[in-house]
Amino acid sequence: MNAVKRREIFRRLHEDNPTPKTELAYTTPFELLVAVTLSAQSTDVGVNKATARLFPVANTPEAIYALGVDGLSQYIKTIGLYNSKAKNVIAACRLLIERHGGQVPDTREALEALPGVGRKTANVVLNTAFGQPAMAVDTHIFRVSNRTGIAPGKTVLEVEKKLLKFVPKDYLLDAHHWLILHGRYVCQARKPRCGSCRIEDLCEYKHKTTDD
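Residues numbered from 1 in each chain as written. Predicted model: local features only at pLDDT ≥ 70, side-chain atom pairs only at ≥ 80, totals over all residues. Heavy atoms only, no water.

A short note on the UniProt feature "binding site: [4Fe-4S] cluster" (unreviewed entry) in the chain
Item 1. The UniProt record marks Cys187, Cys194, Cys197 and Cys203 with the feature "binding site: [4Fe-4S] cluster" (unreviewed entry), using the residue numbering of this structure. Considering the C-alpha atoms alone, the annotated residues occupy 17 residues of sequence yet fold into one spot, their largest mutual distance being 10.6 Å.
Item 2. Relative to the elements of secondary structure, Cys187 occurs in the segment after helix H10 (172-185).
Item 3. Given the relative accessible area of 7%, Cys187 is considered buried.
Item 4. In this view, Cys187 contacts Arg143, Val144, Arg147, His182 and Pro192; residues no more than four positions away in its chain are not counted.
Item 5. With respect to the element layout, Cys203 can be found in the segment after H10.
Item 6. A relative accessible area of 14% means that Cys203 is categorised as buried.
Item 7. Contact partners of Cys203, with chain neighbours within four places excluded, come to Arg147, Thr148 and Lys208. (UniProt positions renumbered as here; feature names shortened; annotations may be inferred. Helix = DSSP H or I, 4+ residues; strand = E, 2+ residues; numbered from the N terminus. Buried < 20%, exposed > 50% of the residue type's maximum accessible area, 1.4 Å probe, protein only. Contact = heavy atoms within 4.5 Å.)

Below you can see the structure in the form of structure tokens.
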């Protein structure tokens with residue numbers, strides 16, 4: 001795929017959704033960090049239901065740490081892997097309090113040093129909370145990047161690096177959200193909705209469907 005096609009793809013995605021947002025509910029960088037940590041192998045809808053109960057009661061590192069693992073688990077037990085996630089969140093809260101004065105750091109190194117925070121979670125926080133041009137490659141972005149030809153790669157890291165290189169700089173900040181939403185609602189895993197896809201004529205997928 002050439003640069004002209006890529007620019008037109010992102011121009012159309014921007015035209016259709018000028019200010020894309022994450023579907024996770026949050027109001028502070030810390031709430032976002034918790035929500036993204038909880039979202040692993042879970043839906044955003046499920047996470048939002050849990051945090052709607054949790055955040056009114058505890059939405060700072062100090063308050064959630066005070067709940068303890070058992071207390072936090074009661075709020076998030078509807079989410080998959082909630083026990084291990086509760087342990088990670090409590091441990092992360094402790095480090096945020098001890099090392100960062102209860103504030104979420106805005107560097108990859110510091111974020112990835114927190115329990116339960118991998119590269120993808122760090123990228124989401126850097127991009128969404130702090131406005132940095134990071135690219136969090138989840139299953140949707142990995143699929144869309146490979147299927148369309150925007151940034152093909154065999155590994156998540158390879159796709160991430162290619163997206164950072166190939167996405168036009170003026171679209172880079174929001175590209176992560178556009179690609180996730182496109183993968184979630186249009187370029188779906190089992191049966192892509194090519195017939196109603198805004199970028200079908202630019203996509204290089206060889207097995208397009210006629211479904212909308």
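Here we look at the domain arrangement of the chain
Item 1. When the domains of the chain are assigned, the result is domain 1 (1-18 + 133-200) and domain 2 (27-128).
Item 2. On a C-alpha basis, the centroid separation for the pair domain 1 and domain 2 is 27 Å.
Item 3. In this assembly, domain 1 packs against domain 2 so that about 760 Å² is buried in total across both faces, 48% of it on carbon and sulfur atoms.
Item 4. The largest per-residue losses of area from domain 1 upon contact with domain 2 belong to Ala134, Ala136 and Glu160, which jointly make up 47% of the total buried on that side. (Domains from an automatic or database assignment. Buried area = accessible area lost by both parts, 1.4 Å probe.)

Focus: the UniProt feature "domain: HhH-GPD" (unreviewed entry) in the chain
Item 1. With numbering matched to this structure, UniProt assigns "domain: HhH-GPD" (unreviewed entry) to residues 38-185.
Item 2. For residues 38-185, the end-to-end C-alpha separation is 22 Å, with 66% helix and 0% strand making up the annotated structure.

Structural notes on the pattern of salt bridges
Item 1. Summed over all chains, the structure comprises 14 salt bridges.
Item 2. One salt bridge connects Glu23 with Arg184, and the closest N-O pair in it is separated by 2.5 Å. Note that Glu23 is positioned in the loop between helix H1 (3-16) and helix H2 (29-38) and Arg184 in helix H10, a separation of 161 residues in sequence.
Item 3. A salt bridge links Glu98 to Arg94, with the nearest nitrogen and oxygen atoms 3.2 Å apart. With Glu98 and Arg94 both in helix H5 (residues 82-100) and four residues apart, this pair spans about one turn of that helix.
Item 4. Three or more residues joined by partner-sharing salt bridges are found here, namely Glu8, Arg11, Arg12, Glu15, Asp16, Arg198 and Asp201. (Salt bridge = Lys/Arg side-chain N within 4 Å of Asp/Glu carboxyl O.)

A word on the side chain of Thr51
Item 1. With respect to the secondary-structure elements, Thr51 resides in helix H3 (residues 44-54).
Item 2. In terms of polar contacts, Thr51 uses its side chain to reach the backbone carbonyl oxygen of Asn48, at 3.3 Å.
Item 3. The contacts of Thr51, once residues within four sequence positions are left out, are Ala25, Leu38 and Pro56. (Polar contact = N/O pair within 3.5 Å; in protein donor to acceptor, adjacent residues only side chain to side chain.)

Regarding the packing of H3 against helix H4 (residues 61-76)
Item 1. One way to put it is that H3 packs onto H4 with a least axis distance of 11 Å and a crossing angle of 135 degrees. Accordingly, the angle class assigned to the pair H3 and H4 is oblique. The handedness of the crossing between H3 and H4 is right-handed. Contacts from Ala50, Arg53 and Leu54 of H3 reach H4 at Ile64, Leu67, Leu72, Tyr75 and Ile76.
Item 2. Taken together, the residues of the contact of H3 with H4 sort by class into seven nonpolar, no polar and one charged. (Axes fitted to C-alpha atoms, helices over the stretch in contact; angles between N-to-C directions. Parallel < 35°, antiparallel > 145°, perpendicular 65-115°, else oblique. Left-handed = near helix turned anticlockwise from the far one by under 90°. Nonpolar A, V, L, I, M, F, W, Y, C, P; charged D, E, K, R; others polar.)

Digging into H4
Item 1. The end-to-end C-alpha distance of H4 is 16 Å, clearly below the 22 Å that 16 residues give at a rise of 1.5 Å each.
Item 2. The elements touched by buried residues of H4 are H2, H3 and H5. (Expected span 1.5 Å × (residues − 1).)

Quick look at the nonpolar core
Item 1. Ranked by size, the top nonpolar core spans 34 residues in total, and within it Val34, Ile64, Leu72, Leu111 and Leu114 carry the most contacts.
Item 2. Mapped by element, the contributors of at least two residues to this core are H2, H3, H4, H5 and helix H7 (119-129).
Item 3. Dropping the residues within four chain positions of it, Leu111 is found in contact with Val104, Pro105, Val117, Ala122, Val125 and Leu126.
Item 4. Counting 23 residues, the second-largest nonpolar core is a separate cluster that includes Phe10, Val144, Leu163 and Ile180. (Core = buried A, V, L, I, M, F, W, Y, C linked by side-chain atoms within 4.5 Å.)

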